[in-house]
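This is what each chain is made of:
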Amino acid sequence: MRKILVTGALGQIGQELVPALRDRYGAANIVASDIRSLPAGEENADDMFEVLDCTKAQQVEDVVDRHDIGCVYHLAALLSATAEDKPQAAWRLNMDSLYLMLEVARQFDCALFFPSSIGAFGPTTPRNETPQDTIQRPTTMYGVTKVAGELLCDYYAKRFGVDARGLRFPGLISYVAPPGGGTTDYSVEIFYQAIRDRRYTCPLKPDTRLDMMYMPDAIRAMIELMEADPSDLTHRNAFNVTAMNVTPEELATEICKHMPDFVIDYDIDPVRQAIADSWPRAMDDSAARSEWHWAPRYDLSAMTSDMLEKLSAKLKPAK
Ligand code: AKB
């Protein structure tokens, strides 16, 4: 098989996607890449890793050509809160790199996975049961880059036949690698703080309802979409996917079932709150369910039990 390249491999999704791809297709077929080097001690002779700035055409072409890449999972991007802080940098990374990846996919005949987000919607989008095809007028730089990215992927698919596919991810909850600079980061931080201190100060209001998904479901969704028979896909790109929708208060209540002394309080971050208030409360993911049989396995209760068990083991002080 032609190899698979993952960009942003040291990020929250990449650190779980790369091992899952290595398990599924064999380590010799997966090239991980990131703008950062692998941390010392994490190198493994069997695993391929490239330091790659995916805004640099020459570097991207060289890696794709040298490794005979046939599919790219393009994860490198700035998340919503960081993008609001650094909008110019967000445009450069999120858009320049996607354009380059699509161009390289066109020239080298590669498939491409692009992660869009609930951030691709805005305050004029219907907030409940948000349809697959609806109004998209985001008010954040992150959202602007996600809508533009979705449109660019559709354009390259239609105009040049590039097999570009993608998902609109909700907040992703995981214990392997922390997220960085997202609006939904609270849903991961709350677990770290619950285990360490039995208390958490949340930057979003208690009733802020957003879609969420546990990382094992997210990884499976990406691989299942990329493996789906193209003739089954009407949309192909930017599928709404969700597994649960929760508020900070509800998540805290679920954690309390395992840790009755856990306490949550609130210190609202106005930037993150404004972003969250402009996003859907609950997406309709029926297109993904019918076109490629998407079905999440973790609901709030299953995710919370697994997170607490796995993260407690990870944070246990070494003896
Ligand atoms: C963020 O909060 O920026 C991301 C997202 C929902 O796209 N987790």
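## Structural notes on the domain arrangement of the protein chain
Then, number 1: Here the protein chain is described as being made up of domain 1 (3-172 + 214-240) and domain 2 (173-211 + 244-280 + 298-315).
Then, number 2: Centre-to-centre, using C-alpha coordinates, domain 1 lies 25 Å away from domain 2.
Then, number 3: Contact residues are listed per partner, giving 26 residues for domain 1 and 28 residues for domain 2.
Then, number 4: Looking at the side of domain 1 facing domain 2, the largest losses of area belong to Ile118, Arg127 and Tyr214, adding up to 33% of the total buried there.
Then, number 5: If you look at where domain 1 meets domain 2, you find zero salt bridges.

## Overview of the sheet that holds strand S10 (residues 210-214)
Then, number 1: One open sheet holds the three strands; their spatial order is S8-S10-S12, and the pairing between them is mixed. Either end of the sheet is taken by a strand with one partner, and the two such strands are strand S8 (171-173) and strand S12 (244-246). The sheet shows a mean angle of 45 degrees between the axes of neighbouring strands, taken without regard to direction.
Then, number 2: Contacts from helix H7 (residues 215-227) reach S8 and S10, with the element oriented near 85 degrees to S10.

## Things to note about the pairing of strand S2 (residues 30-34)
Then, number 1: Across the five residues of S2, five count as buried, placing the element largely inside the fold.
Then, number 2: What you see with S2 is no split at all: Ile30, Ala32 and Asp34 on one side and Val31 and Ser33 on the other are buried throughout.
Then, number 3: Examined bridge by bridge, strand S1 (residues 3-7) and S2 share three bridges and lie parallel to one another. Looking at S2, one finds that Leu5 is bridged to Val31.

## Some words on the site of the ligand
Then, number 1: Near the ligand, the surroundings consist of Leu79, Ser80, Ser117, Ile118, Tyr142, Pro170, Gly182, Thr183, Thr184 and Trp279.
Then, number 2: Between an oxygen atom of the ligand and a side-chain N or O atom of Ser80, the distance comes to 2.5 Å.
Then, number 3: Relative to its unbound accessible area of 250 Å², the ligand is 93% covered by the protein chains.
Then, number 4: When grouped by side-chain class, the residues that make up the shell around the ligand number five nonpolar, five polar and no charged.
Then, number 5: Inspection of the shell around the ligand shows a minimum of three residues originating in each of domain 1 (3-172 + 214-240) and domain 2 (173-211 + 244-280 + 298-315).

## Some remarks on the packing of aromatic side chains
Then, number 1: One pass over the full model with this rule turns up eight aromatic pairs.
Then, number 2: Through successive ring pairs, a cluster of aromatic residues spans Tyr73, Phe113 and Phe169.
Then, number 3: If you follow Arg106 out to its NZ or CZ, it ends over the ring of Phe160, 5.2 Å from the centre.

## Examining the pairing of strand S5 (residues 111-117)
Residues in a regular strand project their side chains so that they alternate between the two faces of the sheet.
Then, number 1: Judged by how many residues are buried, S5 sits mostly within the fold: seven of seven residues are covered.
Then, number 2: Of the two faces of S5, the one holding Ala111, Phe113, Pro115 and Ser117 and the one holding Leu112, Phe114 and Ser116 are both buried throughout.
Then, number 3: Bridge analysis of strand S4 (residues 69-74) against S5 gives three bridges, and the strand direction is parallel. If you follow Cys71 over to S5, its bridge partner there is Ala111.

Definitions and cut-offs
Residues numbered from 1 in each chain as written. Predicted model: local features only at pLDDT ≥ 70, side-chain atom pairs only at ≥ 80, totals over all residues. Heavy atoms only, no water. Domains from an automatic or database assignment. Contact = heavy atoms within 4.5 Å. Buried area = accessible area lost by both parts, 1.4 Å probe. Salt bridge = Lys/Arg side-chain N within 4 Å of Asp/Glu carboxyl O. Pairing = 2+ DSSP bridges. Helix = DSSP H or I, 4+ residues; strand = E, 2+ residues; numbered from the N terminus. Axes fitted to C-alpha atoms, helices over the stretch in contact; angles between N-to-C directions. Buried < 20%, exposed > 50% of the residue type's maximum accessible area, 1.4 Å probe, protein only. Near = heavy atom within 4 Å. Polar contact = N/O pair within 3.5 Å; in protein donor to acceptor, adjacent residues only side chain to side chain. Areas by Shrake-Rupley, 256 points an atom, 1.4 Å probe, with all protein chains shown as cover. Nonpolar A, V, L, I, M, F, W, Y, C, P; charged D, E, K, R; others polar. Phe/Tyr/Trp six-rings, centres within 6.5 Å; stacked < 30°, edge-to-face > 60°. Lys NZ or Arg CZ within 6 Å of the ring centre and 35° of its normal.

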